[in-house]
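Structure assessment
As a plain string of letters, each chain reads:
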Amino acid sequence: MVDPTLAEMGKNLNEAMKMLEDNQRKVEEENEKKYARKDIPGPLQGSGQDMVSILQLVQNLMHGEEEEETSQSYRLQNVGEQGHMALLGHSLAAYISVLDRERLRKLTTRILSDTTLWLCRLFRYENGSAYYHEDDREGLLKICRLVIHTRYEDYTLEGFNVLYTKQPVIYISSAARTGLGQALCNQLGLPLSCMCRVPCNTMFGSQHQMDVALLDRLIKDDVEFGKLPLLLVANAGTPGAGHTDKLGRLKELCEQYKMWLHVEGVNLATLALGYVSSSVLAATKCDSMTLTLGSWLGLPAVPAVTLYRHEDPSLSLAAGLTSSQPVEKLRALPLWLSLQYLGHDGIVERIKHASQLVSNRENIFFLLKVEDELSSPVVVFKFFQEYSNRGMQGLQEPVQFPNCALSLQLGEQLAQLVPASGVDVVELEDEGMCVRFSPLMTSAVLGTEIQDIDQLVDCLKMKIPVLTSTLQLREEFEQEVRRTVGLLYIEDLGWPGLGVVRYNYHSDGKNDDKQEKELEKINTELLKKLNELESDLTFSLGPEFGGQKNCVYIGMVTEDLDVSELVETIAATGREIEENSRLLENMTEVVRKGIQEAQLQLQKANEERLLEEGLLRQIPVVGSVLNWFSPFQASPKGRTFNLTAGSLESTESMYVSKAQGTGSTPPPTPTSSLAKQRLPGQKAFKRSLRNSDGFSETSSISHCDDLDKLDQRPPNLSPGQEQGPLEMERAEEQREHLQNKGL
C-alpha cells in the first residue's frame, strides 16, 4: 500500500510540471506592454490564492516577454520523467523531514549508504565515502579543511598559529577553472601566497596538461623554504580543452611528498563505461574526486558528489564532510530517486551516447588539440588559414587576433544554427578563441542526437569557405582602400568581417565639433545608401561596444566579390553625399544673401515710386481725388531668385509674358561615376561572367552572328516587307542590346 500523502504529492507534482512545461499559452487579445502592471510587485492578498493561479504566475515569470532575437535563451533543459524524479526528491525531502527523529535517522542512513555504494561501484572508486553539495567547489573546500586537520595535529587547538609557523601550499594547474584558487583561499582564510599555479607543458606533450617536472621543482623549493605541500588539484578533463593530466605520475609525486591528490573534470564520467583509457583510469587511485552528475545525466537540481577516502571519521566531521544532523543527509534524496529510475544500464547508456557523438572525429575538421589516446569526449577547434602560396602551408597565421575573431563568429553562428549541438566559445590561454563541443556536459540536457552532429558538420562545411574568402580578401580590400582618395582604412582586429572603412570629410577650416558632426552625417548617409543596394554584403555600424565611431563595417564575403568595384562604389557614393551636402550648404548661403539683396532693392524701388508719384498723391484724401482725375500708370516691380544661377532678377518679364521664365539649364546632380552594367539577376559587387572562365569564345561568335543577322533582316519583318520607323527603332535597340551583351 502506498501512503496516500505520497501518492497525492506525486500527482500534484505531475500536474504542476504539465502546467509549467506547457508552452502553448493562449494568445491574449491585446499585447501587453514590456512593463505590464502584473509585473509590478504588489501587496500580499489577504484571502490567498489557489495552486493553479500560483503556478500560472510562476509560468509567466519563467517565460516572461519572449524575445525572438535572444535565441540563446531557448537552450532549456529537456526535463523528462527522470527529471521529475529528481524534482520529486526535493518535495519528499521536505515531507520526510517532519518524521520522528528515530524513523528519520534510519531513512536518511539508508538513502545515504545506498547512493554512496552505487556511485562508488559505478565510477570504480572502492571503499569511498561521499559528500553531497550544491556548489561544485564546496566539496574541494571541505577536502582542503580535512587535509589541514590531518596534517596539522594541533590545528583544532591553536588554529592559524599552526599555519603561520609552517605555511601550507595548495597546487593548482594553470588550466584549472578561473578563480578556483582565489575562492579556496577566501573560504579557508589563507593568503594568496598559499596558492601555487603550476604551468602546463610548453615543449613536450599537451599544452593543457600540468608540467610534472616543473611541479616537482616547485615542491622542492617550497620544502626548502619551510613550507608544507598540502594538496594538489589535478584535472581529468580541463575546463577549456578537456585534456587529462598525467594522473599516474602525479599520484606518485603526491605519495613522495605526502600530499593529497584531488581530481575533477568531465572525463571522470567515462569511468562508468566498460572501456576506460589508462589516463582516466588512474583517477580511481586518487584521494578524492568530484562528480557533477546533473549535467552528465541531464538531471535537474541534483547535488554534486565528492568521493573521498579517509579513515578518521572524527576529522571528517570536523571538516564538515559528514554531519550528525539527519536533515543534512537528505541532500542525496533526489539523486537516490534518479539513480534508481535510470538504473545501471540507463546511466551507462547516457554516458556512452555522449561519448559516441565525438567518436567520428574525421567529420570534424580544423581540430586544435585532442587527447593523445583520442579518448577525450571534448572537441576543441578553431579556424585558421593555410598560406601555401607563401611557403607557410600548415602554419597558422602569425597575427592571431583576426583568427580569434573569425573563430568567435563561427562559434556564435553554429550555436544559433544548431542549438541542440551545445557548442560554445571558449578562450584558451595560448590558442585564443576556440569553438568547443562537449557532449557530456550538454547532450543529456539538450537531447543531442547523431542527426544534430551531422547538421553541425554540414554547417561547418558551409561556413568555412565564407571565412576563408573573407580572410583572403582582407589584404586586397585594405590595399584598395589605402590607395583610394577620400577613404580611410580602420584597423580593427576584433572585427570578423572584410574590414572597416571611413569616408574622410574634407573640412574647410571648420572647428572640430562641426567637422565631427559632418563626418558622422556623411558616414551615416553612406551606410544607408550601401544598404539600399542589391547585394549579399552586410554593412553596419559595427559592434555595440568597443567599435570605432563614424565607420562602415563590412561583414563576411564570398570568393566572387569584386573588391575594386566595392571600394570604388563606397568612394563614389561618399563623394556624391559630400557634394550634395556642400551644394545644399552653399545654396542656403546664396538664398540668404539673395533675400537680403531683394529686401534692399524692393526698398529702393518703393522710394523711387514715391518720387515718381509726387508728394500730393501720398496725402490720403487728396491722393485719392488726384488719382481719380489723373490715374498714375506704374508697372509692378518685384524680384525673383533664380536658384540655378544664384542671382536676383526682375519680375517685369513675368508680367509681360504671363509666365515664369525657366532660366538656364541647371547643372547635373553629382552622381556616382560607377554605373557598371550587370547581367539580369546579378547582384552588386559580383564578378561578372566576362571576367570569368564561363564566358567562352563560342558565345562571342554567336553574338556576332546575331548582329550579322540583324543587319540583314530586322526582327518581325518578312522578306520584301518595307521597314517602317517603328521597326527601325526596335531593330536599333535590339542591335545595341546585343552589342553591349557581346562586348
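Residues numbered from 1 in each chain as written. Predicted model: local features only at pLDDT ≥ 70, side-chain atom pairs only at ≥ 80, totals over all residues. Heavy atoms only, no water.

Some words on the overall build of the chain
From N to C terminus, the chain includes 24 helices and 17 strands. A total of 743 residues make up the chain; the buried ones form 41% of that total. Nonlocal contacts in the chain, meaning residues at least 24 apart in sequence, comprise 69% of its contacts between residues at least 6 apart. A total accessible area of about 43,200 Å² is found for the chain, and carbon and sulfur atoms account for 52% of it. (Helix = DSSP H or I, 4+ residues; strand = E, 2+ residues; numbered from the N terminus. Buried < 20%, exposed > 50% of the residue type's maximum accessible area, 1.4 Å probe, protein only. Contact = heavy atoms within 4.5 Å. Areas by Shrake-Rupley, 256 points an atom, 1.4 Å probe, with all protein chains shown as cover.)

Let's talk about the side chain of Ser355
Turning to its location among the elements, Ser355 is positioned in helix α15 (residues 333-356). If we ignore the near neighbours within four places in the chain, the residues touching Ser355 are Thr270 and Leu273.

Things to note about the packing of helix α5 (residues 138-151) against helix α8 (residues 180-188)
Relative orientation of the contacting elements α5 and α8 amounts to 55°, with a least axis distance of 10 Å. Classified by the angle between their axes, α5 and α8 sit oblique to one another. Remark: the crossing between α5 and α8 carries right-handed chirality. Across the interface between the two elements, Leu140, Leu141, Cys144 and Arg145 from α5 touch Leu180, Leu184, Gln187 and Leu188 from α8. Taken together, the residues that form the contact of α5 with α8 break down as six nonpolar, one polar and one charged. (Axes fitted to C-alpha atoms, helices over the stretch in contact; angles between N-to-C directions. Parallel < 35°, antiparallel > 145°, perpendicular 65-115°, else oblique. Left-handed = near helix turned anticlockwise from the far one by under 90°. Nonpolar A, V, L, I, M, F, W, Y, C, P; charged D, E, K, R; others polar.)

Observations regarding helix α9 (residues 212-224)
Spanning 13 residues, α9 covers 19 Å between terminal C-alpha atoms, matching the ideal 18 Å at 1.5 Å per step. If you check which residues of α9 are buried, you get Val212, Leu215, Ile219 and Asp222. Mapping the buried residues of α9 onto a view down its axis gives an arc of 80°, with all of them on the same face. Residues of α9 that are buried in the fold lie against β2 (168-173), β3 (195-198), β4 (228-235) and α10 (247-256). Measuring from the side-chain oxygen of the N-cap residue of α9 to the backbone nitrogen of Ala213 gives 3.3 Å; that N-cap residue is Asp211. Count one or two residues on from α9 and you reach Gly226, which has phi positive near 85°. (Expected span 1.5 Å × (residues − 1). Arc of directions from axis to C-beta. Polar contact = N/O pair within 3.5 Å; in protein donor to acceptor, adjacent residues only side chain to side chain.)

Remarks on the sheet that holds β3
One open sheet holds the seven strands; their spatial order is β1-β7-β6-β5-β4-β2-β3, and the pairing between them is mixed. The open sheet has two free edges, formed respectively by β1 (129-133) and β3, since each of these has just one partner strand. The average angle at which neighbouring strand axes cross in this sheet is 20°, direction not considered. Set on the sheet, α10 makes contact with β4 and β5 (260-264); between it and β5 the angle comes to about 155°. (Pairing = 2+ DSSP bridges.)

Thoughts on the pairing of strand β7 (residues 304-308)
Of all five residues that make up β7, five are buried, and the element is covered over most of its length. Side chains Ala304, Thr306 and Tyr308 project from β7 onto one buried face, and the interleaved Val305 and Leu307 project onto a second face that is buried too. With five bridges joining them, β1 and β7 adopt antiparallel strand pairing. When the bridges of β7 are listed, Ala130 appears paired with Leu307.

Observations concerning unusual backbone geometry
Although it is not a glycine, Arg124 sits at a positive phi angle of roughly 60°. Looking at where Arg124 falls in the secondary structure, it is placed in the loop between α4 (101-122) and β1. Residue Ala301 is not a glycine yet carries a positive backbone phi of 60°. Counting through the fold element by element, Ala301 comes out in the loop between α12 (293-297) and β7.

Comments concerning the packing of α9 against α10
Packing of α9 against α10 brings their axes to within 11 Å, and their N-to-C directions diverge by 15°. The angle between the axes of α9 and α10 places the two elements in the roughly parallel class. Classified by chirality, the crossing of α10 by α9 is right-handed. In contact with Val212, Leu215, Asp216 and Ile219 of α9, α10 contributes Arg249, Leu250 and Leu253. Looking at the contact of α9 with α10 residue by residue, the class counts come to five nonpolar, no polar and two charged.

Some thoughts on the pairing of β5
Extensive coverage of β5 is indicated by the burial of five of its five residues. Of the two faces of β5, the one holding Trp260, His262 and Glu264 and the one holding Leu261 and Val263 are both buried throughout. With five bridges joining them, β4 and β5 adopt parallel strand pairing. Bridged to Asn235 within β5 is Glu264.

Digging into α5
The terminal C-alpha atoms of α5 lie 20 Å apart, and with 14 residues this matches the ideal 20 Å at 1.5 Å per residue to within 8%. Most of α5 sits inside the fold, with ten of its 14 residues counted as buried. Buried within α5 we find Gly139, Leu140, Leu141, Lys142, Ile143, Cys144, Leu146, Val147, Ile148 and His149.

What about the packing of aromatic side chains?
With the rule as written, the count across this model stands at four aromatic pairs. Relative to Tyr553, the ring of Trp495 has its centre 4.9 Å away and its plane inclined at 75°; by these criteria the two rings are edge-to-face. Of this pair, Trp495 sits in the loop between β12 (487-490) and β13 (499-503) while Tyr553 sits in strand β15 (residues 552-554), placing them 58 residues apart in sequence. The two residues Trp495 and Tyr553 agree in class, both being buried. (Phe/Tyr/Trp six-rings, centres within 6.5 Å; stacked < 30°, edge-to-face > 60°.)

A word on the sheet that holds strand β14 (residues 539-540)
Taken in spatial order, the four strands of this open sheet run β12-β13-β15-β14, and their pairing is antiparallel. The two strands at the open ends of the sheet, each matched to only one other strand, are β12 and β14. The sheet contact formed by β14 and β15 spans two bridges and is antiparallel. Across the sheet, residue Phe539 finds its bridge partner in β15, namely Ile554. Helix α18 (residues 450-482) rests against β12, β13 and β15 of the sheet, and its axis sits at about 145° to β12.

A few points about the pattern of salt bridges
In total, this model carries eleven salt bridges according to the counting rule given. Residue Glu328 pairs with Arg331 through a salt bridge whose shortest N-O separation is 3.3 Å. Given a relative accessible area of 39%, Glu328 falls into the partly exposed group. Classification of Arg331 by relative accessible area gives partly exposed; the value is 28%. (Salt bridge = Lys/Arg side-chain N within 4 Å of Asp/Glu carboxyl O.)

Observations regarding the environment of Met210
With respect to the element layout, Met210 can be found in the loop between β3 and α9. Sequence-wise, Met210 and Asn235 are 25 residues apart; in three dimensions their C-alpha atoms are separated by 8.7 Å. If we ignore the near neighbours within four places in the chain, the residues touching Met210 are Ser173, Val198, Pro199, Cys200, Asn201, Leu215, Leu232, Val233, Ala234, Asp245 and Leu250.

Quick word on the side chain of Thr569
Here Thr569 lies in helix α20 (residues 563-613). Taking the relative accessible area as the measure of exposure, Thr569 reaches 10% and is therefore buried. Separated by 2.7 Å, the side chain of Thr569 and the backbone oxygen of Glu565 make a polar contact.

Some points on the confidence of the model for the chain
Across the chain, the average pLDDT comes to 77, with 68% of residues at 70 or higher. In this model, residues 23-37 is a region of pLDDT below 50 whose contacts with residues beyond four sequence positions or in other chains number eleven contacts. Contacts of residues 387-402 to residues separated by more than four positions or lying in other chains number 22 contacts, the stretch itself having pLDDT below 50. (pLDDT = per-residue confidence, 0-100.)

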